[in-house]
Amino acid sequence: MSDTVIYEIKLWHDLYETTMGDGYYPTTTASNDFENIIVLFVLENYDWHQCPDSTYAITTLSHLSYNTILTTLNKKADVNAVRILNKYGSSIRIL
């Protein structure tokens, strides 16, 4: 049995938007107007999964943020995963 390795990515998000209940869509772009957070991911079956104990499930990412997260995680783990799933195992909408 192999150990699960957890990888972290620093993202930024608008606390007001998160509390509105219409989704959680952080960004990889640093901003003084946003709070930075660490989001944890694990690799399962060649997909990146947001850790299930995350406070919020990522619902939407910009195309740039999605690709930046995917590329960063793949480099850290030296793999070629092709998608990211949120904490519920659902696909993340890309804008």
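Described below are features of the structure shown in this document. (Residues numbered from 1 in each chain as written. Predicted model: local features only at pLDDT ≥ 70, side-chain atom pairs only at ≥ 80, totals over all residues. Heavy atoms only, no water.)

**Observations regarding the overall build of the protein chain**
No. 1: Within the protein chain, the secondary structure is distributed over two helices and six strands.
No. 2: Reading the protein chain from its N end, one meets helices and strands in the order β-α-β-β-β-α-β-β.
No. 3: Considering the protein chain as a whole, with its 95 residues, one finds that 39% of them fall into the buried category.
No. 4: A fraction of 64% describes how many contacts in the protein chain between residues 6 or more apart in sequence connect residues 24 or more apart.
No. 5: Of the roughly 6,100 Å² that the protein chain leaves accessible, carbon and sulfur atoms contribute 50%. (Helix = DSSP H or I, 4+ residues; strand = E, 2+ residues; numbered from the N terminus. Buried < 20%, exposed > 50% of the residue type's maximum accessible area, 1.4 Å probe, protein only. Contact = heavy atoms within 4.5 Å. Areas by Shrake-Rupley, 256 points an atom, 1.4 Å probe, with all protein chains shown as cover.)

**Considerations on the environment of Phe34**
No. 1: Following the sequence through the fold, Phe34 ends up in the loop between α1 (15–19) and β2 (35–44).
No. 2: Considered as a pair, Phe34 and Asp14 are 20 residues apart in the sequence and their alpha carbons are 4.9 Å apart.
No. 3: The contacts of Phe34, once residues within four sequence positions are left out, are Trp12, His13, Asp14 and Thr27.

**Focus on the nonpolar core**
No. 1: Of all hydrophobic cores here, the largest spans 17 residues; its most connected members are Leu11, Phe41, Trp48, Ile58, Ile69, Leu73 and Ile84.
No. 2: Listed by contribution, the elements that provide at least two residues to this core are β1 (6–13), β2 and α2 (63–77).
No. 3: The greatest single-element share of this core, amounting to five residues, is contributed by α2.
No. 4: Among residues more than four places away in sequence, those in contact with Leu11 are Pro26, Thr27, Thr28, Glu35, Asn36, Ile37, Val39, Ile58 and Ile69. (Core = buried A, V, L, I, M, F, W, Y, C linked by side-chain atoms within 4.5 Å.)

**Overview of the sheet that holds β1**
No. 1: The sheet built from four strands is open, its strands ordered β1-β2-β3-β5 with mixed pairing. Strands with a single pairing partner mark the edges of an open sheet, and in this sheet they are β1 and β5 (84–85).
No. 2: Pairing of β2 with strand β3 (residues 47–50) involves four bridges; the strand directions are antiparallel. Bridging across to β3, Val42 finds its partner in His49. (Pairing = 2+ DSSP bridges.)

**Points about the environment of Ile69**
No. 1: Position of Ile69 relative to the elements: it lies in helix α2.
No. 2: Between the alpha carbons of Ile69 and Arg83 there is a distance of 9.9 Å; along the sequence they are 14 residues apart.

**Digging into α2**
No. 1: End to end, α2 covers 21 Å across 15 residues, agreeing with the expected 21 Å (1.5 Å per residue, within 8%).
No. 2: Here α2 has its buried residues at Ser65, Tyr66, Ile69, Leu70, Leu73, Asn74 and Ala77. Looking down the long axis of α2, one finds its buried residues gathered within 155° of arc, a one-sided arrangement. Exposed residues pointing more than 90 degrees away from the buried face of α2 are listed as Leu64 and Lys75.
No. 3: Buried residues along α2 sit in contact with β1, β2, β3, β4 (60–61), β5 and β6 (93–94).
No. 4: Of the residues trailing α2, Asp78 is marked for its positive phi of about 55°. (Expected span 1.5 Å × (residues − 1). Arc of directions from axis to C-beta.)

Geometric values such as these leave the question of function open.
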